[in-house]
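Breakdown of the fold
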There are 2 protein chains.
Amino acid sequence: MAVNLTPVSADQLAIIDGIELSVAEAGIKKANRKDVLVVRIDKGNTVAGVFTQNRFCAAPVQISKNHLDAGVQIRALVVNTGNANAGTGEDGRQRALSVCQALAGELDCAVEQILPFSTGVILEPLPADKIIQALPTRRPANWAEAAEAIMTTDTAPKATSRTLEIDGQKVSITGIAKGAGMIHPNMATMLGFVATDAPVTRPVLEQLVKEVADLSFNCISVDGDTSTNDSFILVSTGKSAAPRIDSVNHPAYAVLKAALVDVATELAQAIIRDGEGATKFISVKVEGGRSVAECKDVAYAIARSPLVKTAFFASDPNLGRLLCAIGYAGVSDLDVDRLSLYLDDVLVACNGGRNPEYKEEDGQRVMSQSEITVRVVLGRGAAQATVWTCDFSYDYVKINADYRS
Amino acid sequence: MAVNLTPVSADQLAIIDGIELSVAEAGIKKANRKDVLVVRIDKGNTVAGVFTQNRFCAAPVQISKNHLDAGVQIRALVVNTGNANAGTGEDGRQRALSVCQALAGELDCAVEQILPFSTGVILEPLPADKIIQALPTRRPANWAEAAEAIMTTDTAPKATSRTLEIDGQKVSITGIAKGAGMIHPNMATMLGFVATDAPVTRPVLEQLVKEVADLSFNCISVDGDTSTNDSFILVSTGKSAAPRIDSVNHPAYAVLKAALVDVATELAQAIIRDGEGATKFISVKVEGGRSVAECKDVAYAIARSPLVKTAFFASDPNLGRLLCAIGYAGVSDLDVDRLSLYLDDVLVACNGGRNPEYKEEDGQRVMSQSEITVRVVLGRGAAQATVWTCDFSYDYVKINADYRS
């Protein structure tokens, strides 16, 4: 089902010194599948995260934010699938804390040093006892197995690595993510974890995680639904001999950021490639806007439109639907006569109407591809933004009509 | 396919004195189907309209707005299906004007006295010649046939009437509408025409059309796509002996408005009942908000969510998806602990989590109905708003993946 999503194997993923992974089978929703991941992090690390803007943010999101705000050294992340622990009120917070407490006891640290994460069905009580009982049964895992352990409706694990040099010292980055539905930014992904051994101070890491998210996970949409559990966590173990990045003006900041954006973008795009029911990967690039915000508004209007997405599914160059979505994107003084619309290299519309040279067979050729770029040139400024999305198929409906049963 | 949409027959629809209807077969998209409607209006009428906010508003929308702004007496509406004449630039405006010109010649009036409307595929040149050639071939029609002549993906014509008394004088109202996809307000419907014989001055009619639209057509969503061609036109022929309504403070204003809202709401709900692929009719009622705007934001977040809509299709009480949509509706200081969520009479969630008394079978019972009310009590004010929507099925994808072919 997934669109050009290359399978990853453990030997393609860099080990991050200072991180120890382990997985367990707690039988939260289904028996005999890995549904708990523990990421233990050596002392000396820094951790920062960005979380969903959804007001019904899940209990583990609330607790992870509190624990990060407490300013203590984080020692482990504990992740479960099969239950989101969202819409569960005070009882949900207590259940999440009880899992943290159990792991803190084992690791001999304070409960605030554990960050919990959950993903799965909303509005059901978290079976915390099952998770606590499974914790001692967990076994060491590599990054590929960790990526597998956090899957829900995902059809493939999502993981990638980069290695680079900073001041002649080797630095490694490995990230994993999960998500296929309920995907829309702020944060966009259900869960994303990226770890590096590059030493970065906490305030710089906090800035870095926001900048990286805005250029990657916050640029994707499967269905316009912003999840209750979205979290993107960046871990710096500090084990590399590279210099500690203690300022956004540090010369290595931009180098590390570029590599992190690269990793996070690949993971974010992997979520779209594995979007529920996806048969096509669509890049929507909007240029020539007055601000990045209006470019994103136009890009998301296209990326969210069920009519546009079903036309992509049908490989039907019914491109009026693209103009329609641009028109209602909320750019109130948009001059449609100055706008150009391209499908890959094909100029479809300009001067407020169809390009006189446009031929249906050219549109058809691009629409039949599995990867398509929609490019909108607004002709009113220099800002630009790109959003990645997928088409809307029978299988999206099937997957989401069947999900709980 | 349509959800509890009762077929209308001509004898259920009130004739409006001062209106003459006729239809023709121009073969715009398909042969042998009525695809042109002409609504001739006697002198002495007033006409007002509200139109799509889409920046790519269609050529006929631009021209109808100009003609209404010219302040001349309107003599006829001319409507075609099969082609939206949208995204067609200056050439599209010329083609629409040529149709108006042909009809103006026949009716011996100025081109500004004709309002054109088009609905159908976007980005294709309007075959104006076919329409102009078909105009002399048209035959008299009743309101039921008129409703049929403006259908596109609609599975049933949409029309309704009311009669009332104002100062002891009989007043009649008849309205028709079309639309099944690309439905989201501002304006919400593709096309809606409501005529009454009640005498209303032009400034009052202009106020009335806005107020009526806001309570009816602007409260529906099939897919979140705001069309390029949405138009809602209110015609007063003034033929009733009832007193002329010349002020919004006139005692009959509220009486007529209530009847018009009734007609427009039935038409708007008919569009939802006939929503593309719809199997369920959902009312989303949000109460206890600080403003109508925030109530509408919450209602539309629910009404637009593909995850919520597929759960309704599946009759699956996966109600966490409702909380999730409420949470991302953009009410930034929403206190989820004060919110209550009902499915018909079943209290699903309160105090930030699931109602302890809630039973799955109660949720299941309501979800299995063909008509469902979702009620959200925000607990922060006295404002409220209701939005009507439908579920999201395989057939929505099928209809929209197949539409052009």
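Here is what the cut-offs are and how they apply
- Each residue is numbered by its place in its chain's sequence as written, counting from 1.
- Note on labels: chains are lettered from A, ligands numbered from 1, in written order.
- A pLDDT threshold of at least 70 governs which residues receive local features in this predicted model, and a stricter bar of 80 or more applies before side-chain atom pairs are shown or counted, although totals over entire chains, interfaces and linings include all residues.
- Think of the side-chain values as coming from all heavy atoms in the structure, minus any hydrogens and water.
- For every domain, the bounds stem from an assignment made automatically or drawn from a database.
- Should any heavy atoms of two residues lie within 4.5 Å, those residues are considered in contact.
- As used here, buried area is the combined drop in accessible area, with a 1.4 Å probe, of two parts when they are placed together.
- Each salt bridge in this description consists of a side-chain nitrogen of Lys or Arg and a carboxyl oxygen of Asp or Glu lying within 4 Å of one another.
- Here a polar contact is taken to be a pair of N or O atoms separated by no more than 3.5 Å, where protein atoms must pair a possible hydrogen donor with a possible acceptor and residues adjacent in sequence count only if both atoms sit in side chains.
- Runs of E in the DSSP output that reach at least two residues are strands. Runs of H or I that reach at least four are helices, and both are numbered from the N terminus.
- Residue polarity follows a fixed list, in which Ala, Val, Leu, Ile, Met, Phe, Trp, Tyr, Cys and Pro are nonpolar, Asp, Glu, Lys and Arg are charged, and the others, Gly among them, are polar.
- UniProt positions are given in the numbering used here, feature names are shortened, and annotations may be inferred rather than shown by experiment.
- Three labels apply to residues, based on accessible area from a 1.4 Å probe with only protein chains included: buried if under 20% of the type maximum, exposed if over 50%, partly exposed otherwise in between.
- The superposition of copies rests on a least-squares fit of C-alpha positions from residues with pLDDT of 70 or more in both.
- Only the contacting stretch of a helix is used when fitting its axis, a line to C-alpha atoms as for every element, and angles between N-to-C directions run 0 to 180 degrees.
- Convention used here: angles under 35 degrees read as roughly parallel, angles over 145 as roughly antiparallel, angles from 65 to 115 as roughly perpendicular, and any remaining angle as oblique.
- Only Phe, Tyr and Trp rings are paired, with Trp represented by its six-membered ring, and only when their centres lie within 6.5 Å; those with planes under 30 degrees apart are stacked, over 60 edge-to-face, the remainder tilted.
- Each pair of strands is called paired provided DSSP finds at least two bridges between the two strands.

What follows deals with the domain arrangement of chain A. Residues and elements named next belong to chain A. Domain assignment breaks chain A into domain 1 (10-273) and domain 2 (281-402). The C-alpha-based centres of domain 1 and domain 2 are spaced at 32 Å. Counting residues at the interface gives 17 residues for domain 1, matched by 13 residues for domain 2. Summed over both sides, the interface between domain 1 and domain 2 buries roughly 1,300 Å², with carbon and sulfur atoms accounting for 57% of that surface. For Glu371, the salt bridge is made with Arg273, and the minimal N-O distance between the two is 2.5 Å. Our enumeration of links across domain 1 and domain 2 arrives at one residue pair in polar contact (both at pLDDT 80 or more). Put simply, the parts of the chain that give the side of domain 1 that touches domain 2 at least two residues each are strand E10 (220-221) and helix H6 (251-273). In terms of residue count, H6 provides more of the side of domain 1 that touches domain 2 than any other element does, four residues in total.

Chain B puts 60 residues into the contact, and the matching count from chain A is 59 residues. Buried area between chain B and chain A, both sides added, is near 5,000 Å², and the carbon and sulfur share of it is 60%. Seen at the junction of chain B and chain A, the total is two salt bridges. Of the charged contacts in the structure, one is a salt bridge between B:Glu124 and A:Arg354, with a shortest N-O distance of 3.5 Å. Among the elements of the structure, helix H8 (306-313), helix H9 (320-327), strand E15 (353-354) and helix H11 (394-402) of chain B are those that each provide at least two residues to the side of chain B that touches chain A. Here the residues of the side of chain B that touches chain A sort into 28 nonpolar, 20 polar and 12 charged.

The next subject is the UniProt feature "binding site: substrate" (unreviewed entry) in chain A. Residues and elements named next belong to chain A. Mapped onto the present numbering, the UniProt feature "binding site: substrate" (unreviewed entry) falls at Thr152, Lys178, Thr189, Glu276, Asn400 and Ser405. If you trace the backbone, Thr152 turns up in the loop between helix H4 (143-149) and strand E7 (158-166). Overall, the relative accessible area of 22% leaves Thr152 in the partly exposed class. Within the fold, Glu276 resides in the loop between H6 and strand E12 (281-289).

Moving on to the relation of the copies chain B and chain A. Here chain B sits on chain A after a turn of 180° about the axis and a move of 0.0 Å along it, with an RMSD of 0.0 Å. Taken together, the rotation and translation describe the operation of a two-fold axis. The rotation axis passes nearest to the C-alpha of B:Tyr394 in chain B, at a distance of 2.7 Å. Looking at the interface residues of chain B, 98% of them are also at the interface in chain A, so both copies use one shared face.

What follows concerns the packing of helix H11 (residues 394-402) of chain A against H8(B). Running from N to C, H11(A) and H8(B) cross one another at 70°; their axes reach a closest spacing of 8 Å. Classified by the angle their axes make, H11(A) and H8(B) are roughly perpendicular. Contact with H11(A), carried on its side by A:Tyr396, A:Val397, A:Asn400 and A:Ala401, involves B:Pro306, B:Leu307, B:Thr310, B:Ala311 and B:Phe313 of H8(B) and no other residues of that element. Classifying every residue of the contact of H11(A) with H8(B) gives seven nonpolar, two polar and no charged.

Residue and element names in this part refer to chain A. As enumerated under the stated definition, the model contains nine aromatic pairs over all chains in all. With a centroid separation of 4.9 Å and 55° between ring planes, the pair formed by Phe217 and Phe232 is classed as tilted. Taken together, the residues span a long stretch of sequence, with Phe217 in the loop between helix H5 (202-214) and E10 and Phe232 in strand E11 (residues 231-236) at a distance of 15 residues. For Phe217, a relative accessible area of 0% gives the class buried. The class for Phe232 is buried, based on a relative accessible area of 1%.

Within the secondary structure, B:Thr265 sits in helix H6 (residues 251-273). Beyond its immediate stretch of four places on either side in the chain, B:Thr265 contacts B:Leu215, B:Ser216 and B:Trp388.

Moving on, we get to unusual backbone geometry. Despite not being glycine, A:Asn85 shows a phi value in the positive range, around 45°. Here A:Asn85 lies in the loop between strand E4 (76-81) and helix H2 (89-107).

A word on the sheet that holds strand E1 (residues 19-24) of chain A. Residue and element names in this part refer to chain A. Spatially, the five strands line up as an open sheet ordered E5-E4-E2-E1-E6, and their pairing is mixed. Two strands close off the open sheet at either side, each with one partner strand: strand E5 (114-119) and strand E6 (139-141). Strand-to-strand, the axes of this sheet are offset by a mean angle of 25°, without reference to chain direction. In this structure, E4 lies alongside E5, joined through six bridges in parallel fashion. Residue Val78 lies in a different strand from E5, and its bridge partner there is Pro116. Lying on the sheet, H2 is in contact with strand E2 (36-41), E4 and E5; it crosses E5 at an angle near 140°.

Here we come to helix H1 (residues 59-69) of chain B. The periodicity of an α-helix, 3.6 residues per turn, causes residues three or four places apart in sequence to face the same way. Residues and elements named next belong to chain B. Residues Ala59, Pro60, Val61, Ile63, Ser64, His67 and Leu68 constitute the buried set of H1. If you follow the buried residues of H1, they end up packed against strand E3 (46-51), helix H2 (89-107), strand E5 (114-118), helix H5 (202-214) and strand E11 (231-236). Among the residues trailing H1, Gly71 stands out with phi positive, at a value near 80°.

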